[in-house]
Amino acid sequence: MAEVALSKVSRSFGENVALDDVTLTVPDGAFVVLLGPTGAGKTTTLRMVSGLDVPDQGRISIGGRDMTGLTPAQRDVAMVFQQYSLYPHLTVRENLEFPLKSPVLRTQRAEIDRKVGEVAEVLQISHKLDNKSTALSGGEMQRVSIGRALVRDPSVYLMDEPLSSLDAKLRADLRVELKNIQAMSGATLLYVTHDQTEAMTMATHVGVLDRGRLVQFGTPREIYEDPVSIYAASRLGSPRINLLPVDVFGHAPPLP
Ligand SMILES: Nc1ncnc2c1ncn2[C@@H]1O[C@H](COP(=O)(O)OP(=O)(O)OP(=O)(O)O)[C@@H](O)[C@H]1O
């Protein structure tokens with residue numbers, strides 16, 4: 001497994017600054033949640049780490065190796081998106097096997113069967129292995145997407161709101177499963193969500209992004225109890241914090 005480090009990473013799209021001088025270290029084996037409103041730069045950060053996009057400035061390393069110019073295939077990362085992208089003409093088993101059949105990995109047949117079986121069991125989809133992926137419910141499809149990342153056993157998982165399209169019950173179930181899988185495998189996980197509960201319950205660390213800048217990084221408890229700003233305080237907590245105007249002597253003005 002591996003530490004992920006971004007050092008002074010910037011990325012703009014025309015006039016639009018998506019990431020502005022971000023320095024962030026995701027410790028080896030950590031479950032880091034990136035929080036921030038829409039447009040804060042969360043997906044751009046994941047895309048930089050995955051190699052789907054490259055920084056204008058700065059460096060990205062994984063496991064101490066500089067990855068800045070390398071392709072996604074050279075980085076040993078697996079990405080799960082909000083929209084599951086399964087091959088509709090393949091069965092669940094074939095979808096799960098697909099990443100292992102890459103010419104780069106050259107995984108043996110017995111090893112493929114073992115990994116697919118193991119992952120299907122963890123994600124509770126063993127009974128669906130021979131179904132076409134189009135015959136699955138949304139929750140099952142997302143399990144298969146997550147499974148496709150898990151079979152590869154990468155050093156880093158990147159997940160972009162993987163649970164947001166699921167119903168509340170499934171989301172709650174998969175939250176627990178993902179947390180357990182991460183804890184058991186010791187994998188490093190960088191995870192984007194808008195969901196406060198996910199951040200508070202799953203993360204070992206939270207990074208708060210504001211318009212492309214990393215404004216705070218710490219454990220959920222540190223950010224909840226000692227936010228650096230009202231902005232950071234407003235990112236964590238469900239229900240959200242109450243903000244009351246007070247004067248410098250600490251007296252609240254009378255309520256209207
Ligand atoms: N390919 C692109 N071309 C132009 N602008 C882009 C591109 N990708 C991202 N941006 C811009 O960069 C900024 C950050 O986008 P990003 O997708 O990283 O935000 P986000 O925090 O993931 O938002 P959301 O929660 O809506 O997914 C936004 O202003 C977005 O419009």
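An unreviewed UniProt entry lists the protein chain under the name Carbohydrate ABC transporter ATP-binding protein (CUT1 family), with Silicimonas algicola given as the organism.

(A) Spotlight on the domain arrangement of the protein chain. With domains assigned, the protein chain is organised as domain 1 (1-76 + 156-240) and domain 2 (84-153). Distance between the C-alpha centres of domain 1 and domain 2: 25 Å. On the side of domain 2, 9 residues touch domain 1, which itself brings 8 residues to the contact. A breakdown of the residues in the side of domain 1 that touches domain 2 according to their chemical character gives 6 nonpolar, 1 polar and 1 charged.

(B) Focus on the site of the ligand. Taken together, Phe13, Asn16, Ala18, Gly36, Thr38, Gly39, Ala40, Gly41, Lys42, Thr43 and Thr44 make up all the residues around the ligand. At the level of elements, strand S2 (16-26) and helix H1 (42-50) are the ones that each hand at least two residues to the shell around the ligand. Tallying contributions element by element places H1 first for the shell around the ligand, with 3 residues. Its residues placed into classes, the shell around the ligand shows 3 nonpolar, 7 polar and 1 charged.

(C) Fine view of the nonpolar core. Ranked by size, the top nonpolar core spans 66 residues in total, and within it Val32, Val33, Leu158 and Leu190 carry the most contacts. When residues of this core are sorted by domain, at least three fall in each of domain 1 (1-76 + 156-240) and domain 2 (84-153). When neighbours within four sequence positions are excluded, valine 32 is seen to be in contact with Val26, Leu189, Leu190, Tyr191, Ala203, His205 and Gly207.

(D) How the structure looks around unusual backbone geometry. If you check the backbone angles, aspartate 153 has positive phi at about 55 degrees while not being a glycine. When you line up the elements, aspartate 153 lands in the loop between helix H4 (138-150) and strand S7 (156-160). C-beta crowding within 10 Å serves as the criterion here: with 16 such atoms nearby, aspartate 153 is assigned to the partly exposed category. Unlike most non-glycine residues, arginine 211 shows phi in positive territory, near 45 degrees. Looking at the secondary structure, you find arginine 211 in the loop between strand S9 (205-210) and strand S10 (213-218). Owing to 15 C-beta atoms within 10 Å, arginine 211 belongs among the partly exposed residues under this scheme.

(E) Focus on H4. Its 13 residues place the ends of H4 18 Å apart at the C-alpha level, agreeing with the 18 Å of an ideal helix rising 1.5 Å per residue. Of all 13 residues in H4, 10 are buried, a share of seventy percent or more. Buried within H4 we find Met141, Gln142, Arg143, Val144, Ser145, Ile146, Gly147, Arg148, Ala149 and Leu150. Looking at the buried residues of H4, the elements they touch are strand S6 (77-80), helix H2 (92-97), helix H3 (109-122), S7 and helix H5 (168-185).

(F) Highlighting the sheet that holds strand S3 (residues 31-35). If you trace the 6 strands from one edge of the open sheet to the other, you get S6-S7-S8-S3-S9-S10, paired in mixed fashion. Strands at the two margins of the open sheet, each flanked by one partner only, are S6 and S10. Neighbouring strand axes in the sheet, compared pairwise and without regard to direction, differ in orientation by 20 degrees on average. By the bridge criterion, 5 bridges tie S9 to S10 in an arrangement that is antiparallel. Note that in S10 the partner of aspartate 210 across the bridge is arginine 213.

(G) Focus on the sheet that holds strand S1 (residues 4-13). Taking strand neighbours across the sheet as the criterion, the 4 strands line up as S2-S1-S4-S5 in an open arrangement whose pairing is antiparallel. One side of each edge strand has no neighbouring strand; the edge strands of this open sheet are S2 and strand S5 (65-66). Bridging between S1 and S2 involves 7 bridges; their strand directions are antiparallel. Looking across to S2, one finds that valine 9 is bridged to valine 22.

Scoring rules and cut-offs
- Residues numbered from 1 in each chain as written.
- Predicted model: local features only at pLDDT ≥ 70, side-chain atom pairs only at ≥ 80, totals over all residues.
- Domains from an automatic or database assignment.
- Contact = placed C-beta atoms within 7 Å.
- Nonpolar A, V, L, I, M, F, W, Y, C, P; charged D, E, K, R; others polar.
- Near = placed C-beta within 6 Å.
- Helix = DSSP H or I, 4+ residues; strand = E, 2+ residues; numbered from the N terminus.
- Core = buried A, V, L, I, M, F, W, Y, C linked by C-beta atoms within 7 Å.
- Buried ≥ 20, exposed ≤ 12 C-beta atoms within 10 Å, placed from the backbone.
- Expected span 1.5 Å × (residues − 1).
- Pairing = 2+ DSSP bridges.
- Axes fitted to C-alpha atoms, helices over the stretch in contact; angles between N-to-C directions.

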